[in-house]
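# Structure assessment
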Amino acid sequence: MKSDDFACMISRSEPGPGDGGRTGSWRVQRPVIDTAKCIPAKTGKPSCFTCWLFCPDAVVTKTIPPTIDYVYCKGCGICAEECPAGAISMEDESRFITEENDKGCI
Amino acid sequence: MHLIESGNVAAATGVKLSRAQVIAAYPITPQTPLTEKLSEFVAEGSLTAEYIPVESEHSAMAVCIAASSAGARAFTATSANGLLYMNEQLHWAAGARLPIVMCVANRGIGAPWTVWNDHQDSISQRDGGWIQLYANDHQQIIDTVIKAFRLSEIVSIPVMVCYDGYLLSHTYMPFEAPDQDRVDAFLPLFSPKNKLDPDQPSNFNTVTLPDVRPDVRGNLAPGYMEIRHTLHQDMRNSMEVLKDIDQAFLDAFGRGGTPFVEPYRCDDVEHVVVCMGSLSYHMRDVIDQLRSEGVNVGVMGVQLYRPFPDQAMVSALSGKRSVMVFEKALSYGNQGALYADIKSALYNVDRRPLISNHILGLGGREIKTQHLYDAVKQACGNPETLGDTPHWIGLKCQAS
Ligand code: SF4
Ligand code: SF4
């Protein structure tokens, strides 16, 4: 047997969305950004982005306003905890499930 | 070049000839002179390697894991409680499929504290996914180290090269150190299959979900169970590779030919004694004596313990009248580990031998030739009466 016959399978993950699966399904609470309170949204200037910096899953965009990719946001709540403006609230996921199931998401 | 040196120096010379690139070790008796010798080689410039002194065996293995992941040929060595201290990292190295080579100068495990030889340390690591090879003398130590690098790098599984503490590690024996250019021809430079690469960033061995999952490209990535199943299959298949390597070594250096078990005067015998390490050579004197007295017995040393060479066991032992397994370790509360493994390998053969288990030499208790002679002679005389419970050889008193 040759070297190529061995170690064909190891655990390896590459940077990119979705390597851990659709982690959005883990969520019990959903972070929702209130653009009336969010600093860059309010001022129109690229500033703050603390949520983008802290999100362990890199699902927050560095845009005005910041947006969250709910396919992969696992609902940890770190962004809400860190937001200096109190602009992110964690809302019960069950509120959204019905609507999105209807749309065929997640 | 022929040398008269200790087993530890034989191991160090093998590592040097194999051109290990990263060596990380923490000194522990009786392995210490091996790592001292390696640091000497590095200091004097005769071995170009990074020698990383660490504060513990756990870190020694962690450094080897990192070095191997970065694509370097990595080596460490330890004994007894040092090996146990590495435990978590040992399992990691195997699961991560890193071809690390480690020498274990076998020593008993505390408590009570002991520095002397038995096999409990490496035997207690038999289930972690490391290949385990046992050397019986100095020549086998140096040869096995060189073969171990080639084996581990082909199959991407770490290899433990075990040899008896003190009995081999500290005694002096003549052995041949092959020429560097011939070792270079036998052992090509390490070209890792998976290594950290800034141009292709990836995470190795992060949380792997119980089930399979799509990766970033949408391809199915294996779950934990698939990865572990592959490790098992590859370990089983590594026996074929070891056989080829042993043959290639024999062709190149004229030594070897017994990759799995090493029988001595076993042809057409009624009884076979099985043991591991230097004990199997010690036993040869006893066999010669008993043969001259007409007892029809041979001895077989076990050189590969994991993966377990069950087919080799079956071909060597099936049809014999009795098999006596002498062991310097046991699975507490049950029996000797080697005994249980051999018994299980022989379960399906047509002519199943009677089999008995003999425990001896724990914590360096002296194994006298007379003890071996008496035990083997008695066992060959009455193999039917021995039963399944281990017989302890050399016990001097028992709890009242
Ligand atoms: S941390 Fe809060 S204020 Fe800052 S960008 Fe994010 S949502 Fe807006
Ligand atoms: S920090 Fe947590 S809750 Fe907020 S967006 Fe990222 S994953 Fe979702």
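All figures in this text were calculated on a predicted structure; none of them were measured in a lab.

### Digging into the site of ligand 2
Taken together, the neighbourhood of ligand 2 is formed by 13 residues, with Cys 55, Cys 73, Cys 76, Gly 77 and Cys 79 of chain A sitting nearest. Among the residues making up the shell around ligand 2, the classes are represented as 9 nonpolar, 2 polar and 2 charged.

### Observations concerning the nonpolar core
All names here are of chain B. One finds Met 61, Phe 75, Val 274 and Ile 342 to be the most contacted residues of the largest nonpolar core, which totals 101 residues. The contacts of Met 61, once residues within four sequence positions are left out, are Thr 76, Met 86, Gln 89, Leu 90, Ala 93, Ile 100, Met 102 and Trp 130. Membership of the second largest hydrophobic core comes to 22 residues, among which are Val 297, Met 324, Leu 360 and Leu 372.

### Notes on the interface of chain A and chain B
At the interface, 18 residues of chain A touch 31 residues of chain B. Buried area between chain A and chain B, summed over both chains or domains, comes out near 2,300 Å², and the portion from carbon and sulfur atoms is 52%. When the area that chain A buries against chain B is broken down by residue, the three leading residues are Phe 6, Met 9 and Arg 12 of chain A, summing to 30%. A salt bridge links Arg 217 of chain B to Glu 14 of chain A, with the nearest nitrogen and oxygen atoms 2.8 Å apart. For the interface between chain A and chain B, the tally reads 7 residue pairs in polar contact (both at pLDDT 80 or more).

### Describing helix H9 (residues 224-253) of chain B
All names here are of chain B. With 30 residues, H9 extends 41 Å from end C-alpha to end C-alpha; this agrees with the ideal 44 Å at 1.5 Å per step. At Asn 237, H9 shows its maximal bend, which comes to roughly 30°. Just past H9, the residue Gly 254 takes up positive phi, approximately 75°.

### Observations concerning the domain arrangement of chain B
Residues and elements named next belong to chain B. You can read the domains of chain B as domain 1 (2-186) and domain 2 (262-392). Computed over C-alpha atoms, the centres of domain 1 and domain 2 are 27 Å apart. Each side of the interface is counted separately: domain 1 has 21 residues, and domain 2 has 23 residues. Between domain 1 and domain 2, the buried area comes to about 1,800 Å², and carbon and sulfur atoms account for 52% of it. Inspection of the domain 1/domain 2 interface yields 2 salt bridges.

### Brief notes about the pattern of salt bridges
Residues and elements named next belong to chain B. Under the defined criterion, the tally for this structure stands at 24 salt bridges over all chains. Its salt-bridge partner being Arg 126, residue Asp 127 comes within 3.3 Å of it at the nearest N-O pair. Arg 126 gets classed as partly exposed once you look at its relative accessible area, which sits at 22%. Glu 176 serves as the salt-bridge partner of Arg 255, at 2.6 Å between the closest nitrogen and oxygen. In this pair, Arg 255 is assigned in the loop between H9 and strand S12 (261-264) and Glu 176 in strand S8 (residues 172-176), connecting sequence segments 79 residues apart.

### With respect to the side chain of Thr 78 of chain B
All names here are of chain B. Structurally, Thr 78 is set in strand S4 (residues 74-78). Accessibility expressed as a relative area gives 0% for Thr 78, which makes it buried. Contacts of Thr 78, omitting those with residues within four sequence positions, involve Ile 28, Gln 31, Glu 57, Leu 83, Met 86, Met 102, Cys 103, Val 104 and Ala 105.

Analysis parameters
- Here the residue index of a chain counts from 1 through its sequence in written order.
- Written order determines the labels here, with chains lettered from A and ligands numbered from 1.
- Reporting of local features is limited, given that this is a predicted model, to residues whose pLDDT is at least 70; pairs of side-chain atoms are given and counted only at 80 or more, and all residues count toward the totals for whole chains, interfaces and linings.
- Computation of side-chain values covers all heavy atoms of the structure but excludes hydrogens and water.
- Only heavy atoms are used to decide nearness, and a residue is near a molecule or strand if one of them lies within 4 Å of it.
- Under the convention adopted here, Pro, Cys and the residues Ala, Val, Leu, Ile, Met, Phe, Trp and Tyr are nonpolar, Asp, Glu, Lys and Arg are charged, and Gly plus all remaining residues are polar.
- Joining through side-chain atoms within 4.5 Å is the link that ties buried Ala, Val, Leu, Ile, Met, Phe, Trp, Tyr and Cys residues into a set, and such a set is a nonpolar core.
- Three exposure classes are used, based on accessible area relative to the maximum for each residue type with a 1.4 Å probe and protein chains only: buried under 20%, partly exposed in between, and exposed over 50%.
- In this analysis, two residues are considered to be in contact whenever any of their non-hydrogen atoms come within 4.5 Å of each other.
- By buried area we mean the combined loss of accessible area, with a 1.4 Å probe, across both parts when two parts are placed together.
- The salt bridge definition used is simple: a Lys or Arg side-chain nitrogen within 4 Å of an Asp or Glu carboxyl oxygen.
- Under the rule applied, a polar contact is a pair of N or O atoms within 3.5 Å (in protein, one hydrogen donor and one hydrogen acceptor; residues adjacent in sequence only if both atoms are side-chain atoms).
- Per the convention used, a helix needs a DSSP run of H or I reaching at least four residues, while a strand needs a run of E reaching at least two, with both numbered from the N terminus.
- Take the residue count of a helix, subtract one, and multiply by 1.5 Å to get its expected span.
- Two axes are fitted around each residue, one to the seven residues ending there and one to the seven starting there, and the angle between them is reported as the bend at that residue.
- What counts as a domain boundary in this text is fixed by an automatic or database domain assignment.

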